[in-house]
Amino acid sequence: MKLNHLALFFSLVVFLTISVVSHAGVTSSYVRVAEPSEEMALEVFPPPSGYNAPEQVHITQGDHNGRAMIISWVTPVNDDGSNIVNYWVAGTNETTKLSVEASTTSYRYFDYTSGFLHHATIKGLEYDTKYFYELGSGRSTRQFNFMTPPKVGPDVPYTFGIIGDLGQTYASNQTLANYMSNPKGQAVLMVGDLSYADDHPNHDQRKWDSYGRFVEPSAAYQPWIWAAGNHEIDYDANIGETQAFKPYMNRYNVPYKASQSTSPLWYSIKRASAYIIVLSSYSAFDKYTPQNSWLESELKKVNREETPWLFVLVHAPWYNSNNYHYMEGESMRVTFEPWCVENKVDIVFAGHVHAYERSERVSNIKYNITDGLSYPVKNPSAPIYITIGDGGNIEGIANDFTYPQPSYSAYREASFGHAMLEIKNRTHALYTWHRNQDNEPVVADSLWVKNRHFLPEEDEAVSV
Ligand SMILES: [Fe+2]
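Given the structure is predicted, the values throughout are model-derived calculations rather than measurements. (Residues numbered from 1 in each chain as written. Predicted model: local features only at pLDDT ≥ 70, side-chain atom pairs only at ≥ 80, totals over all residues. Heavy atoms only, no water.)

**Re the sheet that holds strand S10 (residues 130-135)**
Stated precisely, the cut-off is as follows: By definition, two strands form a pair when at least two bridges between them are found by DSSP. By definition, any uninterrupted DSSP run of H or I lasting at least four residues is a helix, any uninterrupted run of E lasting at least two residues is a strand, and each is numbered from the N terminus. In this description, a line fitted to the C-alpha atoms serves as the axis of each element, helices being fitted only across the stretch in contact, and the angle between N-to-C directions of two axes falls anywhere from 0 to 180 degrees.
A sheet is described by the order of its strands in space; here 4 strands give the open sequence S5-S4-S10-S11, paired in antiparallel fashion. The sheet terminates laterally at strand S5 (98-101) and strand S11 (142-147), the two strands that pair on one side only. When the angles between neighbouring strand axes are averaged without regard to direction, this sheet yields 25°. For strand S4 (residues 84-89) and S10, the ladder comprises 5 bridges, and the chain directions are antiparallel. Bridging across to S10, Val85 finds its partner in Leu135.

**Notes on the pattern of salt bridges**
Defined as follows: In what follows, salt bridge is the name for a side-chain nitrogen of Lys or Arg lying within 4 Å of a carboxyl oxygen of Asp or Glu. Each residue is placed in one exposure class: buried if its accessible area under a 1.4 Å probe, protein chains only, is under 20% of its type's maximum, exposed if it is over 50%, and partly exposed if it falls in between.
Within the structure shown, the criterion is met by 21 salt bridges. Two residues, Lys378 and Glu360, come together in a salt bridge whose shortest N-O distance is 3.9 Å. Within this pair, whereas Lys378 is found in strand S21 (residues 377-378), its partner Glu360 is found in the loop between strand S19 (356-359) and strand S20 (362-363), the two being separated by 18 residues in sequence. The exposed category is assigned to Lys378, whose relative accessible area is 64%. Put simply, Arg361 and Glu460 hold a salt bridge, and the shortest N to O gap is 2.7 Å. Pair noted here: Arg361 is in the loop between S19 and S20 and Glu460 is in the loop between strand S26 (440-450) and strand S27 (461-462), with a separation of 99 residues, a long-range link. We classify Arg361 as buried; its relative accessible area is 8%.

**A few points about the packing of helix H5 (residues 290-301) against helix H6 (residues 330-342)**
To keep things clear, this is the line we draw: Angles are sorted into four bins: roughly parallel if under 35 degrees, roughly antiparallel if over 145, roughly perpendicular if 65 to 115, and oblique for all others. Helix crossings get a hand from a simple test, with the near helix turned counterclockwise from the far one by less than a right angle marking a left-handed crossing and a clockwise turn marking a right-handed one. Only heavy atoms matter for contacts: two residues are in contact if any of them lie within 4.5 Å across the pair. Side-chain classes are defined by residue name, with Ala, Val, Leu, Ile, Met, Phe, Trp, Tyr, Cys and Pro counting as nonpolar, Asp, Glu, Lys and Arg as charged, and the others, Gly among them, as polar.
Contact geometry of H5 with H6 gives a least axis separation of 11 Å together with a crossing angle of 15°. In terms of orientation, H5 and H6 fall into the roughly parallel class. When the axes of H5 and H6 are compared, the crossing they make is right-handed. Here Gln291, Asn292, Leu295, Glu296 and Leu299 of H5 lie close against H6, whose contacting residues are Met332, Thr335, Phe336 and Trp339. Residues of the contact of H5 with H6, tallied by class, amount to 5 nonpolar, 3 polar and 1 charged.

**A few points about the sheet that holds strand S1 (residues 26-27)**
The strand order across the open sheet formed by 8 strands is S1-S23-S19-S22-S18-S17-S16-S15, and the pairing between neighbours is mixed. Because the sheet does not close on itself, it has two edges, and the strands there are S1 and strand S15 (267-271). Pairing of S15 with strand S16 (residues 274-278) involves 5 bridges; the strand directions are antiparallel. The residue bridging Ser268 from the neighbouring strand is Ile277, located in S16. Against the sheet, H5 engages S15, S16 and strand S17 (309-313), with an angle of about 180° to S16.

**Quick word on the nonpolar core**
Heads up, the rule is: What we call a nonpolar core is a set of buried Ala, Val, Leu, Ile, Met, Phe, Trp, Tyr and Cys residues that are connected through their side-chain atoms within 4.5 Å.
Among the nonpolar cores identified, the biggest contains 88 residues, and Tyr211, Trp224, Trp226, Leu279, Trp318, Phe349 and Tyr431 are the most heavily contacted of them. Beyond its immediate chain neighbours, meaning those up to four positions away, Trp224 contacts Ile59, Thr60, Ile163, Leu166, Leu176, Val188, Met190, Tyr211, Val215, Ser218 and Ala219. Judged by nonpolar contacts, the second largest core, of 18 residues, contains Ile59, Trp73, Tyr87 and Phe146.

**With respect to the packing of aromatic side chains**
Here is the rule we go by: The rule is short: rings of Phe, Tyr and Trp, with Trp giving its six-membered ring, pair when the centres are within 6.5 Å, and they are stacked under 30 degrees, edge-to-face over 60, tilted in between. For a ring to carry a charge above it, either NZ of a lysine or CZ of an arginine must fall within 6 Å of the ring centroid while also lying within 35 degrees of the normal to the ring plane.
Per the stated rule, a full pass over the model turns up 23 aromatic pairs. With centroids separated by 5.7 Å and ring planes inclined at 25°, the aromatic side chains of Tyr131 and Phe146 adopt a geometry described as stacked. Taken together, the positions of Tyr131 in strand S10 and Phe146 in strand S11 put the pair 15 residues apart, joining distant regions of the chain. The exposure class assigned to Tyr131 is buried, which follows from its relative accessible area of 5%. Phe146 sits in the buried class, given a relative accessible area of 1%. For the ring pair Trp318 and Tyr385, a centre distance of 6.1 Å and an interplane angle of 50° mean the geometry is tilted. With a gap of 67 residues between them, Trp318 in the loop between S17 and H6 and Tyr385 in strand S22 (residues 384-388) connect regions that are remote in the sequence. No difference in accessibility class separates Trp318 from Tyr385, as the two residues are buried. Pairwise contacts between aromatic rings join Tyr87, Tyr131, Tyr133, Phe144, Phe146 and Tyr221 into one cluster. The ring of Tyr30 is capped by Arg435, whose NZ or CZ atom sits 4.1 Å from the centre of that ring.

Following this line, the structure appears as structure tokens:
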């Protein structure tokens, strides 16, 4: 062979090797040491100073379209005015302040009595506008602000952060700091497992308080869209606590009635160009149940010409190749996957498994009791499944992947981190996963996501 033929031959070998490798799933060689994550002590998060100062402030969308905000906070006592939120448009005269009264609850859990939990819904907000809001009175007054989303429409750019299984460890702290260091994030999609209070004796409810203080620097300034995980159930018959989700539902209000849901555990919102459906892995979902009936009618309401992007949040993943919690989401996958494929859901985000994984677009919906067709196949109408239970938790990283890596698994890594989803227009969104590495967020997985309604057949391309 002449020299130029040899060069051509070797180039061809290299090209073919790259082609083959690029179609295989990747198990990242970056593996964090699997130690339990150490939790930050209660003393790290003291209540704010001042008499009856409002604390644990967090906000979430308060209606279906983004023109309302639910403001939630806690006060130690319930004095007159403790339940008032004052708000005004940034830059306007403060004499134009408006105010809303919160509804106030308190709950008991074993030997713990909560502070006064206030939830106020501010309605009739202008789109794409900065608001200030104020809680408390006198020297204990605290001021915060938020941006309302742009008016719902098909080409409205918007950036979501995605966080799961956050907890309140030093790793959680790094994840939250990394997310907050990126100015692009406008709202957080939180796929469940918040405080991990239930990992402590008698579900130490003070950990729900410290969690509220921990996330306040982000959650008081931009909405966190909450989904419930197994650590929100707080069911413990041994201590007489049999009302599932009691602490979570007292502390975190969501606008479920705006989507005709009958439970805060499943609901939907529209935000900018996205339609977001939140499901509950730990509530009944079989045929004839409220969640099942709701989702069936809900999917019919999605107008992709108005909100091209359709996302589902759920806690237990439907596609995941980690031995940790392997197939716990299987029964819900069997129930809801055909609808997600039929309705061309763009991405299903889940948590629960304390590692990161992204799937190919695959479906496994052919099976019936006799035909034996029970394996995932490539399907351009299928969602991408992203498991992002890597927020920090308290139980450590899940570094026990199944081998060989299944064909549906595109990228997986046992590290902590968070993701960003930058919607650019009706056809393209840039998705990036940021691992916590050496106290820095490092982009380890990145993808241009092609919208399933407007670009139904186009493959995604890894962007870096
Ligand atoms: Fe979980």
